[in-house]
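# Structural description and commentary
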Amino acid sequence: MFAAHKLCLVLDLDHTLLNSAKFVEVDPVHDEILRKKEEQDREKPQRHLFRFHHMGMWTKLRPGIWNFLEKASQLFELHLYTMGNKLYATEMAKVLDPTGALFAGRVISRGDDGDPEDGDERVPKSKDLEGVLGMESAVVIIDDSVRVWPHNKLNLIVVERYTYFPCSRRQFGF
Ligand SMILES: [Mg+2]
């Protein structure tokens, strides 16, 4: 990492890089709109809206994400970090990095397989840097939540929370 003059960048998934909502959380009216939008989006070279039938979940990527990931990967060794479970983390990594060039397997999921996929804000757990090399001085974290990183406030850059689905906005009181 140092030989390549790179630091380590830990990226949170939910409400930082993307927003996910379960089918059951989406109103029928919105579902209709989303389906049409997803169909149009499918044709584009860089998609932002995904429907995961096997997980019963919609996922919308944050605007500007492709540009961000490309630029960030030139400066940092990228890691994904989520409180969601392994299936969710793996599926999101596939969407964000189809070739595996950006994360190269550096995907950390802290949720149990019984947990809801999007476990970010609903479960009062905290994150730590164990499993991210153990080199705190070389790590930058980007997350929408401060309180999940009680031991690494100095490493943390807090970003504005990204919420796309109405149910997520409601979840945060908007
Ligand atoms: Mg988050």
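The structure presented is a predicted model; accordingly, all values stated were derived computationally and were not measured. (Residues numbered from 1 in each chain as written. Predicted model: local features only at pLDDT ≥ 70, side-chain atom pairs only at ≥ 80, totals over all residues. Heavy atoms only, no water.)

## Concerning the sheet that holds strand 8 (residues 156-158)
Stated formally: A strand pair is defined by DSSP finding two or more bridges across the two strands. Secondary structure elements follow DSSP: runs of H or I of four or more residues count as helices, runs of E of two or more count as strands, with numbering from the N terminus. Here an angle of 0 to 180 degrees is reported between the N-to-C directions of two axes, which are lines fitted to C-alpha atoms, with helices fitted over the stretch in contact.
What the five strands build is an open sheet, ordered 6-5-1-7-8; its pairing is parallel. The sheet is open, and its two borders are formed by strand 6 (107-109) and strand 8, each paired with just one other strand. Taking each pair of neighbouring strands and ignoring which way they run, the sheet shows an average axis angle of 20 degrees. Summarising the sheet, strand 5 (residues 76-82) and strand 6 pair through three bridges and their orientation is parallel.

## Considering unusual backbone geometry
Positive phi, close to 70 degrees, is recorded for His15, a residue that is not glycine. As for its placement among the helices and strands, His15 is situated in the loop between strand 1 (7-12) and strand 2 (18-22). Not every positive phi belongs to a glycine, and Ala104 is a case in point at roughly 45 degrees.

## Remarks on the sheet that holds strand 4 (residues 57-61)
Reading across from one edge, 2-4-3 is the order of the three strands in this open sheet, with antiparallel pairing throughout. The sheet terminates laterally at strand 2 and strand 3 (49-52), the two strands that pair on one side only. Averaged over all pairs of adjacent strands, the angle between strand axes in this sheet comes to 15 degrees, irrespective of strand direction. Examined bridge by bridge, strand 3 and strand 4 share four bridges and lie antiparallel to one another.

## Structural notes on the pairing of strand 4
Two faces belong to every sheet, and in a regular strand the side chains alternate between them. The condition that has to hold: Relative accessible area decides the class of each residue, using a 1.4 Å probe on protein chains only: under 20% of the type maximum gives buried, over 50% gives exposed, and in between gives partly exposed.
Within strand 4, five of the five residues are buried, which leaves the element mostly enclosed by the surrounding structure. On strand 4, burial covers both faces: Met57, Thr59 and Leu61 on one face and Trp58 and Lys60 on the other are all buried. Pairing of strand 2 with strand 4 involves five bridges; the strand directions are antiparallel. Directly across from Lys22, in strand 4, lies its bridge partner Met57.

## So, a nonpolar patch on the surface
Going by this rule: Surface patches are defined over residues having more than 30% relative accessible area and no salt bridge, joining like charges when they lie within 9 Å and nonpolar side chains (Val, Leu, Ile, Met, Phe, Trp, Tyr) when within 5 Å. Using the Shrake-Rupley algorithm and a 1.4 Å probe, accessible areas are obtained, with residue cover drawn only from the displayed protein chains. When a carboxyl oxygen of Asp or Glu is within 4 Å of a side-chain nitrogen of Lys or Arg, the pair counts as a salt bridge.
Taken together, Phe2, Leu7 and Met135 make up a surface patch of nonpolar side chains, about 260 Å² in accessible area. On the secondary structure map, Leu7 appears in strand 1. The class of Leu7 is partly exposed, set by a relative accessible area of 35%.

## Regarding the packing of aromatic side chains
As a reminder, the rule being used: Two aromatic rings from Phe, Tyr or Trp, using only the six-membered ring of Trp, form a pair when their centres are within 6.5 Å; if the ring planes differ by under 30 degrees the pair is stacked, by over 60 it is edge-to-face, and anything between is tilted. Cation placement over rings: the criterion is NZ of Lys or CZ of Arg within 6 Å of the ring centroid and within 35° of the ring normal.
For the coordinates displayed, the defined rule picks out four aromatic pairs. Both rings, one in Tyr164 and one in Phe165, keep their centres 5.1 Å apart while their planes meet at 90 degrees; by these two values the pair is edge-to-face. Looking at Phe165, the relative accessible area reads 1%, which means it is buried. Over the ring of Tyr164 we find Lys60, and its NZ or CZ is 4.9 Å from the ring centre.

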